[in-house]
Amino acid sequence: MSLLLNYKRAPGLTIPDLNPPQRLEKALNLDSGAKQQRLKTWDLSPMFHCSIVGTCLTTGELRQVLAKVGDIDVKTASDHALHSRGVRAAGQRDIAGKLLNKALDKRHERIVKRFAALGTAEEIRQHWNAAVDEGDISGAYWAAMSHPMSDRTLVQAIFGEVHMLSHIVGSSSRLDLARLRKLQIDLEAKDEKLAKQEDRIRNVSEERNGLLQRVEQLEASLARARALAVESRPASGDAGKDMGLLGRLDSAQQRAEELGIRLAAMEAKLFEAERRSSQFAEENQALKRELDVVANLLEPEDGPAAADTMTAAGGSILYVGGRRNLSERIRAIGRSRGFDVLFHDGGMEDNLSLLPALVGQAASIVFPVDCISHSAAGIVKRLCRESGKRYLPLRSASLASFMAVVAEIAAAG
């Protein structure tokens, strides 16, 4: 989410009736005495309590704090009820408020200590921007808001960025949930189609086995007819009987040939059915992998180390082809897993002569097979073979396909 914030940083949020210096000074408690030590939540204006509690503490940590003060229904209360109680405790200088501040300081101890060495608002702003780039928004938010040297301009700017980020995250989550539902529907359809295909394969296999048995029976009958014809010819000069046996022999041979043709056709149908079944199975597995990736990305992070999970891994991915309107979302997904994403549209507008240099810069190259020209795909494969680079075709130009391949690249190291 910090990547979205950096791509288009939210403008400063204007708070009605708090812009006049007298009221904002009072709301932020920026008197000279408060600057001697870090501020507590009750030293800050109530308008900041909601964003601090919601951004800087997980639901599990907030539940633990409220359990210590004896909330009887803390284990069964909804997340919204817990959040409301936490916001109320943040404005009170009592046991609940002190435990809340202690939990904030404990969770973000590392970054709070780093901010404690800063002496000016400009230094705090620079460290805030750096922390946002690293994805440590929750820790940096508490460290900056509670720092005694944060002036009202800086506090208002930081609060505005976090406020707007919550809207961006909510919108993104709704889109991800919609994509997750679509993937689930596609997966169910693929499973149903695969089951029908397996039934067809089983029926064709049973019919094939029946034809093989029939062919064996006809061959045995043909052998007996030939033996009978050979045995009866010396013992009898009856030409009519010989002709009858030869007619039966010819009919049996013709029947055997017809059954052989049918058997070959059934084997061809069986081969095609097995090929399509294998193809459906591969598509089914790809959809399941993409579904798992999207589901993992939608799971809320919990625990003190959650904010430090997305660190830069180094390296870059070249994305060739695809849809231009998804480029920023793809870049954000890549950065969230520690990769820089380079783009080339596959020759629609970008010159194909740029591909060798881009392939040289990237560690891995990906392209969606359904949204790239044959010539561009051929050039990418040839350049990768010549330079020894890894290329991975994507099942489609969707974000879920890119999420799955990024997870595969990250797992491969």
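Residues numbered from 1 in each chain as written. Predicted model: local features only at pLDDT ≥ 70, side-chain atom pairs only at ≥ 80, totals over all residues. Heavy atoms only, no water.

## Re the overall build of the chain
Piece 1. A tally of regular secondary structure across the chain gives 15 helices and four strands.
Piece 2. Within the chain, the proportion of its 413 residues that are buried is 39%.
Piece 3. Partitioning the intrachain contacts of the chain with sequence separation of at least 6 by distance along the chain shows that 76% fall at a separation of at least 24.
Piece 4. Taken as a whole, the chain presents about 22900 Å² of accessible surface, with 53% of it coming from carbon and sulfur. (Helix = DSSP H or I, 4+ residues; strand = E, 2+ residues; numbered from the N terminus. Buried < 20%, exposed > 50% of the residue type's maximum accessible area, 1.4 Å probe, protein only. Contact = heavy atoms within 4.5 Å. Areas by Shrake-Rupley, 256 points an atom, 1.4 Å probe, with all protein chains shown as cover.)

## Some remarks on helix H15 (residues 399-412)
Piece 1. Over its 14 residues, H15 runs 20 Å from end to end, which matches the ideal 20 Å to within 8%, given 1.5 Å per residue.
Piece 2. Of all the 14 residues making up H15, 10 are buried; the element is thus mostly covered by neighbouring parts of the structure.
Piece 3. Buried within H15 we find Leu399, Ala400, Ser401, Phe402, Met403, Ala404, Val405, Val406, Ala407 and Ile409. (Expected span 1.5 Å × (residues − 1).)

## Brief notes about the pairing of strand E3 (residues 364-368)
Piece 1. By the criterion of burial, E3 is predominantly enclosed, with five of the five residues buried.
Piece 2. Residues Ser364, Val366 and Pro368 of E3 are buried on one face, and the alternating residues Ile365 and Phe367, pointing to the opposite face, are buried as well.
Piece 3. Direction of pairing for strand E1 (residues 316-320) relative to E3: parallel, over a ladder of three bridges. Looking at the pairing, isoleucine 317 lines up with serine 364 of E3.
Piece 4. Where E3 meets strand E4 (residues 390-394), five bridges bridge the pair, whose relative direction is parallel. Of the residues in E4, the one forming a bridge with valine 366 is leucine 392.
Piece 5. Handedness of the β-α-β unit built from E3, helix H14 (residues 374-387) and E4 comes out right-handed. (Pairing = 2+ DSSP bridges. Right-handed = clockwise from strand over helix to strand, strands pointing away.)

## Focus on the pattern of salt bridges
Between side chains of opposite charge, a pair can form as their charged atoms come close.
Piece 1. Across all of its chains, the model carries 14 salt bridges by this definition.
Piece 2. Put simply, arginine 107 and glutamate 61 hold a salt bridge, and the shortest N to O gap is 3.6 Å. Of this pair, arginine 107 sits in helix H6 (residues 95-107) while glutamate 61 sits in helix H4 (residues 59-68); the two residues are 46 residues apart in sequence, bridging distant segments of the chain.
Piece 3. Take arginine 107: its relative accessible area is 15%, and that puts it in the buried class.
Piece 4. Taking the relative accessible area as the measure of exposure, glutamate 61 reaches 14% and is therefore buried. (Salt bridge = Lys/Arg side-chain N within 4 Å of Asp/Glu carboxyl O.)

## Observations concerning the packing of aromatic side chains
Note on aromatic pairs: each is described by the distance of the centres and the angle between the planes.
Piece 1. Enumeration over the complete set of coordinates arrives at five aromatic pairs.
Piece 2. A centroid spacing of 5.1 Å and a plane angle of 75 degrees characterise the contact between phenylalanine 48 and phenylalanine 159, whose relative ring orientation is edge-to-face. Of this pair, phenylalanine 48 sits in the loop between helix H2 (21-28) and helix H3 (49-56) while phenylalanine 159 sits in helix H10 (residues 152-235), placing them 111 residues apart in sequence. Taken as a pair, phenylalanine 48 and phenylalanine 159 share a single burial class, namely buried.
Piece 3. Centre to centre, the rings of tyrosine 319 and phenylalanine 343 are 6.0 Å apart; their planes meet at 50 degrees, and the pair counts as tilted. Note that tyrosine 319 is positioned in strand E1 and phenylalanine 343 in strand E2 (residues 340-344), a separation of 24 residues in sequence.
Piece 4. Look at tyrosine 319 and you get buried, because its relative accessible area is 1%. (Phe/Tyr/Trp six-rings, centres within 6.5 Å; stacked < 30°, edge-to-face > 60°.)

## Some points on the confidence of the model for the chain
Piece 1. Of all residues in the chain, 77% attain a pLDDT of 70 or more, and the chain-wide mean is 78.
Piece 2. In the model, residues 1-35 has pLDDT below 50 throughout and makes 70 contacts with residues more than four positions away in sequence or in other chains.
Piece 3. The low-confidence segment residues 299-312 (pLDDT under 50) makes 21 contacts with residues lying over four places distant or belonging to another chain. (pLDDT = per-residue confidence, 0-100.)

## A word on the sheet that holds E3
Piece 1. Across the sheet, which stays open at both edges, the four strands sit in the order E2-E1-E3-E4 with parallel pairing between neighbours. Two strands close off the open sheet at either side, each with one partner strand: E2 and E4. Averaged over all pairs of adjacent strands, the angle between strand axes in this sheet comes to 25 degrees, irrespective of strand direction.
Piece 2. Two elements, E1 and E2, share five bridges in a ladder whose sense is parallel. Each residue of the ladder has a partner; that of leucine 318, found in E2, is leucine 342.
Piece 3. Along the sheet face, helix H12 (residues 327-336) touches E1 and E2 and points at about 150 degrees away from the line of E2. (Axes fitted to C-alpha atoms, helices over the stretch in contact; angles between N-to-C directions.)

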